[in-house]
Amino acid sequence: MAKAITSSADGVSANFAALAARIATLRPGADQELVARAYAFSLQHHQNQRRRSGEAYITHPLEVAAILAEMRMDETCIAAALLHDALEDTPATQEQIAAEFGPVVAHLVAGVTKIDHLDLAGSGPDRPGARQAETVRKMLLAMVDDLRVILIKLADRLHNMRTLRHLPPPRQQAVARETMEIYAPLAHRLGMGKVRGELEDLAFSYLEPEAYAQVRSQVESRRQVSEDFLHQVKARIEAALADLQIPCRVEGRIKRFYSIWQKLRRQESEIEQVYDLLAIRVITGSVRDCYAALGIIHNTWHPVPGRIKDFIAMPRPNGYQSLHTSVIHESGQPFEAQIRTEEMHRMAEDGIAAHWKYKDGGLTAEAEDERIGWLRRVVEWQQEMRDPGEFLATLKVDLHPEEVYAFTPKGKIIRLPRDATPVDFAFAIHTEVGHHCVGAKLNGRMAPLRTPIQNGDIVEILTQPGHAPSRDWLGFVKTARARQKIRHWVSAQERAQAVDIGRRALEREARKRDGGLRLLRDADLAQAGTEYGYLQAEDVQAAIGYGKISARQIFGRLAGDRSGPAKTPRLPRPVGGEGAGPILVRGFHDLMVYRARCCHPLPGEPIVGYITRGRGVAVHAEHCANVQNLMYQPDRRIDVAWAPHADAPQPVRLRLHTDDRAGLLNAITAVISASGANIGHIAARTGQGRATIEVILEARDLPQLEGIQSGLKAIAGVHGVERR
Ligand code: MN
């Protein structure tokens, strides 16, 4: 690994030289020229920038590149690591990087920049928290199409964690938590044991400083003893294997602080009882030698029953292979031995990065298969303790995403179905944002509202107060939530318009009748509306606006209920659709229906319907003289029938020719009232000893009307009763 980098210009270039030397050693044949150009570009673009520590900014990309070089990553990945902050922090553009370093490098840098925009652990109420961490990790895997993006991001995070002390404490906590919840488990999942271990220990030291200090002091107080012990054991194993001419490399190590702490917490035990506090690693040349080494170790010390594990025969789901055993030293000190080949060792340390042995210039089909296989195992692993149904669903999400993850400019994650649009995104944030959405920026650029959102897009919704959803949006939104909100808004809007139209129609009608003097009270409207199944005044207004009933009809209803103040009453025209009124038009719900003024058919009378131009269906009594004339156009005839319960009283106008004498009006009203019918209006015109009396009454049906008519004819002084 490259040494710590100083801020002097000389120090910086010296460390680039060190990087180049490591690449030459670990990956001979790598394109050093590409790496050198990337370094020069990064140096120039970050030249006036410093880190919080005061160091030149370039130290950061250099260290990140060095971490990846140690994992033997290819030159494309290392060049991208050197450039990884150029898009975010310098004027350089993706196009420029593509032009200078090729599309793959540009793609990797853009991918890292995308992840940088996320505040995955965040703070405040949006903080994903441990329960959502799994989702976030899946999302990270789903949103990158090139795993090198994740590897660069992990190296970036590792260096940032190493230098975290320079940030202000609240930021330290947020970054450390994000590392513990998201990045360390991600490294684990990718089999990168070394990165995971270091990330965990660093995050642990910030998140649980007291526990960290305690574990650390316990380990430190034993360090000298532990190291002497490990040294001695190591020498004995080396000697024993050398006797059998088994080539090997032996390393001793003290378990990491964070895993010690976890073990202490889990087992509620003392540090002395942790079997694998001290561990020996034996790295051999072949699988056969691994088993031979295991035999030698078991010959030398007593194995602890139940702690022998053969991960060579049965690898862990993330690909980890090793033989594990715990033995008791003659001093009583337990220790763990891990035995593996050189290749298994690299896999255990660098995980998926160890798979990056391919040359640049496109992966072979085999290599691609291997990588997909990796992803599959990664997914399987994260599912190992869950139910198979969920496992399959997740597999689908990760390998064939049905979902996309997009982000607010502040990094909040919004999960959407595939092909969701900015309108879906807006409604997912908040209903108001959806309502006032006028445009959207995807990754900083204006985009049409119907643009499908891609994984990792940063979506900014532009809003404007007073702006309203459009019915057209229903044509492209993908989420049920957006669809429902838009529908709701559109119909509420249409209703508001209908109410407005209805209110005006009522006002117009009122002016026509009373010169505008009579205003309808809401209670009156509501009462009139009950006849048509509406409960509220506003429902009545809306019904008029939608054309289901007419303002005149409402006034007529009101006139029927009151003793009529109107000067020259016209016969109100009842209207009804199916269910709403007394007349059914077969097969239609919303047709305007009214009884023809010439004959005013009553329930029970044979009727015919006639489609007028623009006023709905006129319903005539079959015997009406006009019907014969109208029916020249048979295609305008329509079947109508009385509703089964058409017993709502209907207005009928009668004209009576009488003598002009006192008490006659009383006799007339008495007859009508006795029949149970309401009188809507009654007025008399007199002259030369004669009178003409106009009566509007509400008759339930034909028999009732006929009863009234004969009753009236029987009154002395009444000469004729005419239905008008
Ligand atoms: Mn960075």
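Above this text you will find the structure in question.
Since we're looking at a predicted model, the values are computed, not measured. (Residues numbered from 1 in each chain as written. Predicted model: local features only at pLDDT ≥ 70, side-chain atom pairs only at ≥ 80, totals over all residues. Heavy atoms only, no water.)

Asks: Lay out the overall build of the protein in plain terms, naming residues and giving numbers.
Replies: A tally of regular secondary structure across the protein gives 26 helices and 21 strands. Residues classed as buried in the protein amount to 50% of the 724 residues present. (Helix = DSSP H or I, 4+ residues; strand = E, 2+ residues; numbered from the N terminus. Buried < 20%, exposed > 50% of the residue type's maximum accessible area, 1.4 Å probe, protein only.)

Asks: For unusual backbone geometry, give the residues involved together with the corresponding values.
Replies: Among all residues except glycine, the phi angle is most often negative; among peptide bonds, the trans geometry is most common. One non-glycine residue, R72, adopts positive backbone phi at about 60°. The backbone of D419 shows a phi angle near 70°, a positive value even though the residue is not glycine.

Asks: I'd like a description of the pattern of salt bridges, backed by residues and values.
Replies: All chains considered together, the criterion is met by 25 salt bridges. In this structure, R495 and D539 form a salt bridge, with 2.9 Å as the shortest nitrogen-oxygen distance. Taken together, the residues R495 in helix α20 (residues 480–514) and D539 in helix α22 (residues 537–545) connect sequence positions 44 residues apart. Here E605 and R723 are joined by a salt bridge, their closest N and O atoms 3.2 Å apart. In this pair, E605 is assigned in the loop between β13 (593–595) and β14 (607–611) and R723 in strand β21 (residues 718–723), connecting sequence segments 118 residues apart. Taking the relative accessible area as the measure of exposure, E605 reaches 5% and is therefore buried. Judged by its relative accessible area of 24%, R723 falls in the partly exposed class. (Salt bridge = Lys/Arg side-chain N within 4 Å of Asp/Glu carboxyl O.)

Asks: Lay out the sheet that holds strand β20 (residues 690–699) in plain terms, naming residues and giving numbers.
Replies: Read from one edge to the other, the open sheet built from four strands follows the order β19-β20-β18-β21, with strand pairing classed as antiparallel. Only two strands of the sheet have a single partner each, and these edge strands are β19 (678–687) and β21. Neighbouring strand axes in the sheet, compared pairwise and without regard to direction, differ in orientation by 20° on average. Sheet analysis places strand β18 (residues 650–659) next to β21, joined by five bridges and oriented antiparallel. Counterpart to T658 in the pairing with β21 is V718. Each of β18, β20 and β21 touches helix α26 (residues 702–713); the most contacted strand, β21, lies at about 160° to it. (Pairing = 2+ DSSP bridges. Axes fitted to C-alpha atoms, helices over the stretch in contact; angles between N-to-C directions. Contact = heavy atoms within 4.5 Å.)

Asks: Requested: an account of helix α2 (residues 32–45), with residues and values cited.
Replies: Within an α-helix, residues lying three or four positions from one another point in the same direction, as the helix has 3.6 residues per turn. Taking 1.5 Å as the rise per residue, α2 with 14 residues should run 20 Å; its terminal C-alpha atoms sit 20 Å apart, in good agreement. Restricting attention to buried positions, one finds in α2 the residues L34, V35, A38, Y39, F41 and S42. For α2, the angular spread of buried residues about the axis comes to 165°, placing them on one side. Where α2 starts, the residue carrying a side-chain oxygen 3.2 Å from the main-chain nitrogen of E33 turns out to be D31. (Expected span 1.5 Å × (residues − 1). Arc of directions from axis to C-beta. Polar contact = N/O pair within 3.5 Å; in protein donor to acceptor, adjacent residues only side chain to side chain.)

Asks: Tell me about the coordination of the manganese ion, and name the residues and values.
Replies: The protein atoms that coordinate the manganese ion are H60 (NE2), H84 (NE2), D85 (OD) and D156 (OD), at distances of 2.2 to 2.4 Å. In the primary sequence, the donor residues of the manganese ion line up as H-x23-H-D-x70-D. With D85 in the loop between α4 (75–82) and α5 (86–89) and D156 in helix α9 (residues 148–162), this residue pair connects regions lying 71 residues apart in the sequence. With a relative accessible area of 6%, D85 lands in the buried category. Residue D156 is classed as buried on the basis of its relative accessible area, which comes to 3%. (Donors = N, O, S within 2.8 Å, 3.2 Å for Na, K, Ca; no water.)

Asks: Quick rundown of the packing of helix α12 (residues 209–243) against helix α14 (residues 287–300)? Include the residues and the values.
Replies: Running from N to C, α12 and α14 cross one another at 120°; their axes reach a closest spacing of 10 Å. Here α14 runs oblique to α12, going by the angle between their axes. In the crossing of α12 with α14, the sense of the turn from one axis to the other is right-handed. On α14, the residues that touch R236, I237, A240 and L241 of α12 are A293, I296, I297 and T300. Across the contact of α12 with α14, the residue classes tally to six nonpolar, one polar and one charged. (Parallel < 35°, antiparallel > 145°, perpendicular 65-115°, else oblique. Left-handed = near helix turned anticlockwise from the far one by under 90°. Nonpolar A, V, L, I, M, F, W, Y, C, P; charged D, E, K, R; others polar.)

Asks: Explain the pairing of strand β15 (residues 617–621) to me, and be specific about the residues and the numbers.
Replies: With five of five residues buried, β15 lies mostly within the body of the structure. Burial of β15 is two-sided: the residues V617, V619 and A621 facing one way and the residues A618 and H620 facing the other way are all buried. Pairing of β13 with β15 involves three bridges; the strand directions are parallel. Paired with R595 across the strands is V619, a residue of β15. Alignment of β14 against β15, held across five bridges, turns out to be antiparallel. Within β15, the position partnered with V608 by the bridge is H620.

Asks: Go over the side chain of T341, please, and point to the residues and values.
Replies: For T341, the location among the structural elements is in strand β6 (residues 334–341). T341 sits in the buried class, given a relative accessible area of 10%. A polar atom in the side chain of T341 sits 3.1 Å from the backbone nitrogen of M344. Among residues more than four places away in sequence, those in contact with T341 are I283, T284, S286, V287 and C290.

Asks: Lay out the packing of aromatic side chains with the relevant residues and their values.
Replies: Per the stated rule, a full pass over the model turns up 10 aromatic pairs. Plain terms: the ring middles of F41 and F101 are 5.4 Å apart, the flat faces sit at 90° to each other, and that makes the pair edge-to-face. Taken together, the positions of F41 in helix α2 and F101 in helix α6 (residues 94–101) put the pair 60 residues apart, joining distant regions of the chain. For the pair F41 and F101, a shared accessibility class is recorded, and that class is buried. An aromatic cluster of at least three residues, connected via ring pairs, comprises F204, Y212, F257, Y258 and W261. In this structure, R265 packs its charged tip against the face of W261, placed 4.0 Å from the ring centre. (Phe/Tyr/Trp six-rings, centres within 6.5 Å; stacked < 30°, edge-to-face > 60°. Lys NZ or Arg CZ within 6 Å of the ring centre and 35° of its normal.)

Asks: Can you explain the nonpolar core? Please cite residues and give values.
Replies: Grouped together as the largest cluster of nonpolar side chains are 103 residues, with contacts concentrated most on L19, L68, I97, M161, M192, I237 and V282. At nine residues, α12 tops the list of elements feeding residues into this core. Excluding anything up to four places from it in sequence, M161 contacts V175, A176, T179, L199, L202, A203 and Y206. (Core = buried A, V, L, I, M, F, W, Y, C linked by side-chain atoms within 4.5 Å.)

Asks: Kindly report on the sheet that holds β14, identifying the contributing residues and their values.
Replies: The pairing of strands in a sheet happens through backbone hydrogen bonds and is either parallel or antiparallel. On the basis of which strands lie adjacent, the open sheet formed by four strands has the order β13-β15-β14-β16 and mixed pairing. Looking along the sheet, the strands with just one partner apiece sit at the ends: β13 and β16 (637–638).

Asks: An account of the environment of G687 is needed here, citing residue identities and associated values.
Replies: Along the polypeptide, G687 turns up in strand β19. We classify G687 as partly exposed; its relative accessible area is 36%. Here the alpha-carbon distance between G687 and D659, two residues 28 residues apart in the chain, equals 9.7 Å.

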